[in-house]
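Single-letter residue listing:
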Amino acid sequence: AIPEALASVRADFPILQRTVHGKPLVYLDNAASTQKPQCVIDAITRYYSAENSNIHRGVHLLSTEATGAYEAARGKIAKFLNAADDSEIVFTRGATEAVNLAAYSFVEPKLQAGDEILISSMEHHANIVPWQLLCERTGAILRVIPVTDDCELDLENIDELLNEKTKFFSIVYVSNAIGTVNDVKPLLAKAKQRGIPTLLDAAQAIQHIPIDVQELGCDFLAFSGHKIYGPTGIGALYGRRELLDTMRPYQGGGDMISHVSFEGTTYKEPPSRFEAGTPHIEGAICLGAAIDYLSSVGLQEIEKYESELIEYAEAKLSEIDGLKIIGSPKHRSGAISFTMGDAHPHDIGTVLDTEGVAIRSGHHCCEPLLKRLGVPATARASFSLYNTPDDVDALVAALKKTALLFM
Ligand code: PMP
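Everything quoted here is computed from the prediction, not taken from an experiment. (Residues numbered from 1 in each chain as written. Predicted model: local features only at pLDDT ≥ 70, side-chain atom pairs only at ≥ 80, totals over all residues. Heavy atoms only, no water.)

1. Re the site of the ligand
Okay, step 1: Taken together, the neighbourhood of the ligand is formed by Ala95, Thr96, His124, Ala126, Val172, Asn176, Asp201, Ala203, Gln204, Ser224, His226 and Lys227.
Okay, step 2: Within the side chain of glutamine 204, one N or O atom sits 2.7 Å away from an oxygen atom of the ligand.
Okay, step 3: At a separation of 2.6 Å, an oxygen atom of the ligand approaches a polar side-chain atom of serine 224.
Okay, step 4: Here the ligand, which alone exposes 390 Å², has 85% of that area covered by the protein.
Okay, step 5: Tallied by class, residues from the shell around the ligand come to four nonpolar, six polar and two charged. (Near = heavy atom within 4 Å. Polar contact = N/O pair within 3.5 Å; in protein donor to acceptor, adjacent residues only side chain to side chain. Areas by Shrake-Rupley, 256 points an atom, 1.4 Å probe, with all protein chains shown as cover. Nonpolar A, V, L, I, M, F, W, Y, C, P; charged D, E, K, R; others polar.)

2. As for the pairing of strand β5 (residues 116-120)
Okay, step 1: Summarising burial for β5: five of the five residues are buried, a large majority.
Okay, step 2: Judged by which residues are buried, β5 turns out to be covered on both faces: Glu116, Leu118 and Ser120 on one side and Ile117 and Ile119 on the other are all buried.
Okay, step 3: For the segment spanning β5, helix α4 (residues 129-138) and strand β6 (residues 141-145), crossover handedness is right-handed.
Okay, step 4: Bridge count for β5 against strand β7 (residues 166-172) is three bridges, and the pairing is parallel. Residue pairing for β7: glutamate 116 is matched across the bridge by threonine 166. (Buried < 20%, exposed > 50% of the residue type's maximum accessible area, 1.4 Å probe, protein only. Helix = DSSP H or I, 4+ residues; strand = E, 2+ residues; numbered from the N terminus. Right-handed = clockwise from strand over helix to strand, strands pointing away. Pairing = 2+ DSSP bridges.)

3. Examining the packing of helix α2 (residues 61-81) against helix α9 (residues 281-297)
Okay, step 1: It is the contact of α2 with α9, at a shortest axis distance of 8 Å, that shows an interaxial angle of 40°. One element, α2, and the other, α9, form an angle in the oblique class. You can see that α2 and α9 cross each other, and the crossing is left-handed. Residue-level contacts link Ala66, Ala69, Tyr70, Ala73, Lys76, Ile77 and Phe80 of α2 to Ile281, Ala284, Ile285, Leu287, Gly288, Ile291, Asp292, Leu294 and Ser295 of α9.
Okay, step 2: By residue class, the composition of the contact of α2 with α9 is 12 nonpolar, two polar and two charged. (Axes fitted to C-alpha atoms, helices over the stretch in contact; angles between N-to-C directions. Parallel < 35°, antiparallel > 145°, perpendicular 65-115°, else oblique. Left-handed = near helix turned anticlockwise from the far one by under 90°. Contact = heavy atoms within 4.5 Å.)

4. Things to note about the UniProt feature "domain: Aminotransferase class V" (unreviewed entry) in the protein
Okay, step 1: In the numbering adopted here, UniProt assigns the feature "domain: Aminotransferase class V" (unreviewed entry) to residues 26-395.
Okay, step 2: Along residues 26-395 one finds 38% helix and 16% strand; the C-alpha atoms at either end are 8 Å apart. (UniProt positions renumbered as here; feature names shortened; annotations may be inferred.)

5. Focus: the packing of aromatic side chains
Okay, step 1: Under the criterion given, the structure shown has 11 aromatic pairs.
Okay, step 2: Considering the side-chain rings of phenylalanine 13 and tyrosine 229, the 5.8 Å spacing of their centres and the 65° angle between planes classify their relative orientation as edge-to-face. Highlighted residues: phenylalanine 13 in the segment before β1 (19-20) and tyrosine 229 in the loop between β9 (220-224) and β10 (235-239), separated in sequence by 216 residues.
Okay, step 3: On the basis of relative accessible area, phenylalanine 13 is assigned to the buried category, the value being 0%.
Okay, step 4: Through successive ring pairs, a cluster of aromatic residues spans Phe13, Tyr229, Tyr293 and Tyr386.
Okay, step 5: The ring of phenylalanine 106 carries lysine 110 above its face, with NZ or CZ at 3.8 Å from the centroid. (Phe/Tyr/Trp six-rings, centres within 6.5 Å; stacked < 30°, edge-to-face > 60°. Lys NZ or Arg CZ within 6 Å of the ring centre and 35° of its normal.)

6. Considering the pairing of strand β8 (residues 198-201)
Okay, step 1: Burial along β8 is two-sided: Thr198 and Leu200 facing one way and Leu199 and Asp201 facing the other are all buried.
Okay, step 2: Looking at chain direction, β7 and β8 are connected through four bridges and run parallel. Bridge assignment links serine 170 to a residue of β8, and that residue is leucine 199.
Okay, step 3: Handedness of the crossover is the feature at issue here: the chain leaves β7, passes through helix α6 (residues 184-193), returns alongside β8, and the resulting connection is right-handed.
Okay, step 4: Sheet topology note: the β8/β9 ladder contains three bridges and is parallel. Across the sheet, the residue bridging to aspartate 201 is alanine 222, located in β9.

Printed below as a string of structure tokens:
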């Protein structure tokens, strides 16, 4: 049964009313991007109809109001993550830019050739490639925590991997490709004990699990707005203020400076120092609206509901002949990846689409992980607060039809 808090959420998402190829849309591609509730869509319209103006520099009312709304959105994110201060939230284009910012502005100036950065085999490319680029620039070495066949982090050698050469540790909270929820708190604590700063890639966690950055003990955290029912092109880097204060600018331009002269330019305090140029004002404000929405439903309720839904989906999918769930983590959130006999995941996705069921197939931007698990591609169903057991049943029915075609 769908609990009270979530009973009416489907009605909040107008896109769920549409059909695809004449069939009702069953949207199970939430790990790629979530749909938007009416209140977020309304906030976008309201912003451009009544509030639009550039921020920070204007003395006129619209600019003052837009500035207030932009900064209020920062405050909502800070509160949502339980950051110690609003200034610990830097707006970025998304999780990708957040990781790149931390790599360039915080980590790079500290690195010497031979130093090590630690990540895991479970990372999204967004938490691999920025570190590879950094290693290319500095001669640092990228080290990788392996994963087990069950898609858990293999921590057997963690004490060697987090060593005196390790200058930064960046780890994914929830895997977008296979849904593993990593037990990150003890890992972050271990790094902290050794004086190693940390970043948590929360792109697939923040919409499913309540997050408290102080309780988790991460130094940085990255996420994207479009995966938490907000607009694309906006996200944030949380960083402990003490660390943000030490960081060099990321990009140069307007709004990030105190004074500019040809003799030398001085920079604003964080977070402005890292927000050069006119930001995605509407994006930030409407991300704030998405966070209000999530908070009104309640992350605790969402986590509980979604985990029951995922359990149901795992059980139902397991009944399909030839279907193999890739990885059976002890704790799963958000996504289930699978293969089905010899059917190519792209073919599975294509047939499901004709049934109105939207899933994703491919390597899910986790090529090294899929290689490790011995599959070039998987089909992935990923869930959100508006999915229901009916969606799972529609997925299963469509997969049974697909099986008839390919197996
Ligand atoms: N990390 C993870 C775990 C992700 O799932 C994603 C998006 N799929 C990203 C990082 C990057 O997010 P974005 O493309 O929105 O910057």
